[in-house]
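Examining the three-dimensional arrangement
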Amino acid sequence: MAYDLEEQEQLENIKAWWRQYGNFLTWLLIACLLAFAAWNGWNYWQRKQAGEAALLYEQVMKAAESRDVERTKRAAGDLEQKFGKTAYGQMSAMVAAKVLYDAGDLAGAKSHLQWAVEHGDGEYVHLARVRLAGILLDEKAYDQGLALLKDEPPAPFVSLYADRRGDLLAAQDKREEARAAYQKALDKMSAGDASMRQIIQFKLDALGTA
């Protein structure tokens with residue numbers, strides 16, 4: 001009988017504990033299960049997005065290789081609209097801009113580069129800025145190009161920014177400022193970029209001595 005009473009007391013203690021904490025633990029378990037399901041769903045969605053974006057990017061590349069301007073523009077636009085948050089969206093914008101630029105469609109090239117500047121991240125943003133500034137240089141929109149490159153970029157892009165700023169300043173006949181920009185580009189350039197170094201040195205020499 002003593003054993004039964006002890007067992008009954010333990011059972012009552014468990015019931016009391018469950019009345020106090022059971023509801024909280026149930027909701028905690030439900031929350032954990034929902035979080036796990038959401039995580040799996042998010043990963044699945046990301047994999048699906050990346051897979052579909054990769055297929056569309058392949059279409060962009062095929063159109064670019066065949067120099068099919070209209071198909072490149074259409075495929076790149078679809079990719080940017082549907083999968084703009086993936087890396088493929090940024091890569092596609094850069095590819096399309098090159099194809100359109102080579103075809104003489106400066107407005108189309110600018111549109112894709114502007115999209116990359118506004119929606120891209122990491123290296124794509126800085127490459128897009130430099131290339132967009134190059135088109136603005138062609139259009140003689142020098143101040144717009146300089147405004148695009150006014151902020152100091154991360155270290156790997158300092159030389160690239162400085163070189164393009166030098167081009168824009170030289171075009172405005174601001175020789176001293178252009179000379180300083182080209183010199184900065186040389187100073188910040190890695191030792192392995194010998195051919196690019198020669199080009200910048202040539203531009204610097206063309207400005208004449210101070």
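Residues numbered from 1 in each chain as written. Predicted model: local features only at pLDDT ≥ 70, side-chain atom pairs only at ≥ 80, totals over all residues. Heavy atoms only, no water.

- By the naming in an unreviewed UniProt entry, the protein chain is Ancillary SecYEG translocon subunit, taken from Cupriavidus respiraculi.
- Under Sequence similarities (unreviewed entry), UniProt gives the following word-for-word description of the protein chain: "Belongs to the YfgM family."
- Per its UniProt entry, the protein chain bears the Subcellular location (unreviewed entry) comment "Cell membrane". (UniProt positions renumbered as here; feature names shortened; annotations may be inferred.)

1. Section: the packing of aromatic side chains
- Applying the stated rule across the entire model yields 1 aromatic pair.
- Measuring from ring centre to ring centre gives 5.6 Å for Tyr 57 and Tyr 88, while their planes differ by 50°; the resulting arrangement is tilted. Of the two residues, Tyr 57 is situated in helix 1 (residues 2–65) and Tyr 88 in helix 3 (residues 87–102); the sequence distance between them amounts to 31 residues.
- Accessibility expressed as a relative area gives 26% for Tyr 88, which makes it partly exposed. (Phe/Tyr/Trp six-rings, centres within 6.5 Å; stacked < 30°, edge-to-face > 60°. Helix = DSSP H or I, 4+ residues; strand = E, 2+ residues; numbered from the N terminus. Buried < 20%, exposed > 50% of the residue type's maximum accessible area, 1.4 Å probe, protein only.)

2. Digging into the side chain of Asp 167
- Along the polypeptide, Asp 167 turns up in helix 7 (residues 158–171).
- Among the residues examined, Asp 167 registers a relative accessible area of 12% and is labelled buried.

3. A look at the pattern of salt bridges
- Using the criterion set out here, one finds 14 salt bridges in the structure.
- With a shortest N-O distance of 2.5 Å, Lys 98 and Asp 102 are connected by a salt bridge. Taken as a pair, Lys 98 and Asp 102 lie in helix 3 at a separation of 4 residues, close to a single helical turn.
- A relative accessible area of 45% places Lys 98 in the partly exposed class.
- For Asp 102, a relative accessible area of 43% corresponds to the partly exposed category.
- Residues Arg 175 and Asp 173 are paired through a salt bridge, measuring 3.3 Å at the closest nitrogen-oxygen approach. (Salt bridge = Lys/Arg side-chain N within 4 Å of Asp/Glu carboxyl O.)

4. Considerations on the nonpolar core
- Within the largest apolar cluster, 36 residues are counted, with the highest numbers of intra-cluster contacts made by Leu 113 and Leu 168.
- If one sorts the elements of this core by residue count, helix 5 (residues 123–138) sits on top with 8 residues.
- Among the nonpolar cores identified, the runner-up in size contains 12 residues, and Ala 53, Ala 76, Leu 79 and Val 99 belong to it. (Core = buried A, V, L, I, M, F, W, Y, C linked by side-chain atoms within 4.5 Å.)

5. Some points on the packing of helix 3 against helix 5
- Look at helix 3 against helix 5: their axes get within 11 Å of each other, and the N-to-C directions meet at 20°. The angle between the axes of helix 3 and helix 5 places the two elements in the roughly parallel class. In the crossing of helix 3 with helix 5, the sense of the turn from one axis to the other is left-handed. Taking contact as the criterion, the partners of Gln 90, Met 91, Met 94 and Tyr 101 in helix 3 are, on helix 5, Tyr 124, Leu 127, Ala 128, Arg 131, Ile 135 and Asp 138. (Axes fitted to C-alpha atoms, helices over the stretch in contact; angles between N-to-C directions. Parallel < 35°, antiparallel > 145°, perpendicular 65-115°, else oblique. Left-handed = near helix turned anticlockwise from the far one by under 90°. Contact = heavy atoms within 4.5 Å.)

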